[in-house]
Amino acid sequence: MSTPLRIAVLASGRGSNFAALLAARERGELPVEFVLVASDKADAPVLQLAQGAGVPTTVLDPREYADRRAYDFALFDRIGASKPDLLVLAGFMRIIDGDALKPWAGRMINIHPSLLPKYRGLHTHRRALKAGDLEHGASVHFVTAELDGGPIIAQTTLPIEAGDDETTLATRLLPLEHQLLTAVVALLAANRLALVEQGIVFDHQPLRKPLRCVDGQLVR
């Protein structure tokens, strides 16, 4: 039996994406081990969720550091001590210093609630509605120093319905986000995805465009 993929999760809020990964592991769909959940907020519900699942947690308060760079290096030193194979940003609401990210190139992914490259940053549902888009979605990408700008692994889409507002759109998208993130982590755990100098490789072939998540499965 292969060694489970060691995962550290960074989150700032409730942790619904982490909960989805936990549930998938319990169902036997993810051969992974969660080695750490880290947060920048001591009251983040994701910490209680992790503790209830027996996953180690850590909190670093940005206000205790001189600047963002100092904070990020301290945070990643703490993460590195847990020896993860993969870092998953699951609602981690901070921009990370590029130099702190360098050692993790190709080993860190983020889930973002838009069809990147559209709507990097915050308020993605609002911006999609304001633009009059016909569809919305979420993306999982490898993290680089460029905000929400790393190579895109996979995306999920849904139509924007008449009468949708930010709340309804976010609510309908969330379960699709969970499916998308779980499917990408499953591919990484199976060593079917990698980031090389030329870009993303999927099943030993260059990935020319993001995979699509259809009913929880990723397809070209």
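Each value, and the rule that gives it
Residues numbered from 1 in each chain as written. Predicted model: local features only at pLDDT ≥ 70, side-chain atom pairs only at ≥ 80, totals over all residues. Heavy atoms only, no water. Core = buried A, V, L, I, M, F, W, Y, C linked by side-chain atoms within 4.5 Å. Buried < 20%, exposed > 50% of the residue type's maximum accessible area, 1.4 Å probe, protein only. Helix = DSSP H or I, 4+ residues; strand = E, 2+ residues; numbered from the N terminus. 1 Å grid on protein atoms, 1.4 Å probe; cavity = no way out; pocket = protein on both sides within 12 Å on 5 of 7 lines; lining within 4 Å. Points joined across faces, edges and corners; volume = space filled by probe spheres on them. Nonpolar A, V, L, I, M, F, W, Y, C, P; charged D, E, K, R; others polar. Pairing = 2+ DSSP bridges. Right-handed = clockwise from strand over helix to strand, strands pointing away. Salt bridge = Lys/Arg side-chain N within 4 Å of Asp/Glu carboxyl O.

Is there a simple way to explain the nonpolar core in this structure?
Considering soluble globular proteins, one finds that nonpolar side chains tend to be buried as a cluster. With 48 residues, the main nonpolar core has V88, I109 and V184 as its most contacted residues. If you tally residues by element for this core, the top one is helix α6 (residues 166-189), at 10 residues. Counting 19 residues, the second largest nonpolar core, distinct from the first, contains L10, L36, L75 and F76.

Any chance you could explain the layout of surface pockets here in plain terms?
To locate leftover empty space, one rolls a probe as large as a water molecule over the atoms. Counted as a void, the largest pocket has a volume near 940 Å³. Along the walls of the largest pocket sit 35 residues, with G91, F92, M93, I111 and P113 positioned nearest its centre. In the lining of the largest pocket, the residues fall into 16 nonpolar, 14 polar and 5 charged. Volume-wise, the second largest pocket comes out at about 230 Å³. Considering the residues around the second largest pocket, the lining is formed by E29, Q179, T182, A183, A186, L187, R192, F202, G216, Q217 and L218. At the level of secondary structure, the elements contributing two or more residues to the lining of the second largest pocket comprise α6 and β12 (217-219). At 5 residues, the largest contribution of residues to the lining of the second largest pocket is made by α6. The residue inventory of the lining of the second largest pocket, partitioned by class, reads 5 nonpolar, 4 polar and 2 charged.

Help me understand the pairing of strand β2 (residues 32-39) in this model?
For a regular strand, side chains alternate in direction, first toward one face of the sheet and then toward the other. In terms of burial, β2 is a largely internal element, 7 of the 8 residues being buried. Sheet topology places strand β1 (residues 5-10) next to β2; 6 bridges connect them, and they run parallel. Bridged to V9 within β2 is V37. Considered for its hand, the β-α-β crossover made up of β1, helix α1 (residues 16-26) and β2 is right-handed. The sheet contact formed by β2 and strand β3 (residues 57-59) spans 3 bridges and is parallel. Its bridge partner lying in β3, A38 is registered against T58. The handedness of the β2 to β3 crossover, carried by helix α2 (residues 45-52), is right-handed.

What is the right way to read the pattern of salt bridges from this model?
Pairing between side chains becomes possible if they bear opposite charge and their charged atoms approach one another. Applying the stated criterion across every chain yields a total of 13 salt bridges. Ionic pairing is found between R126 and E166, a salt bridge with its closest N-O pair at 3.0 Å. Here R126 is found in helix α5 (residues 124-130), whereas its partner E166 is found in helix α6, with 40 residues between them in sequence. Given a relative accessible area of 33%, E166 falls into the partly exposed group. We note a salt bridge from D164 to R172, for which the minimum N-O separation is 2.5 Å. Taking relative accessible area as the criterion, D164 reaches 15% and is therefore assigned buried. In this structure R172 comes out as partly exposed when scored by relative accessible area, which is 25%. When salt bridges with common partners are traced through the structure, they connect R69, D97, D99 and K102 into a single cluster.

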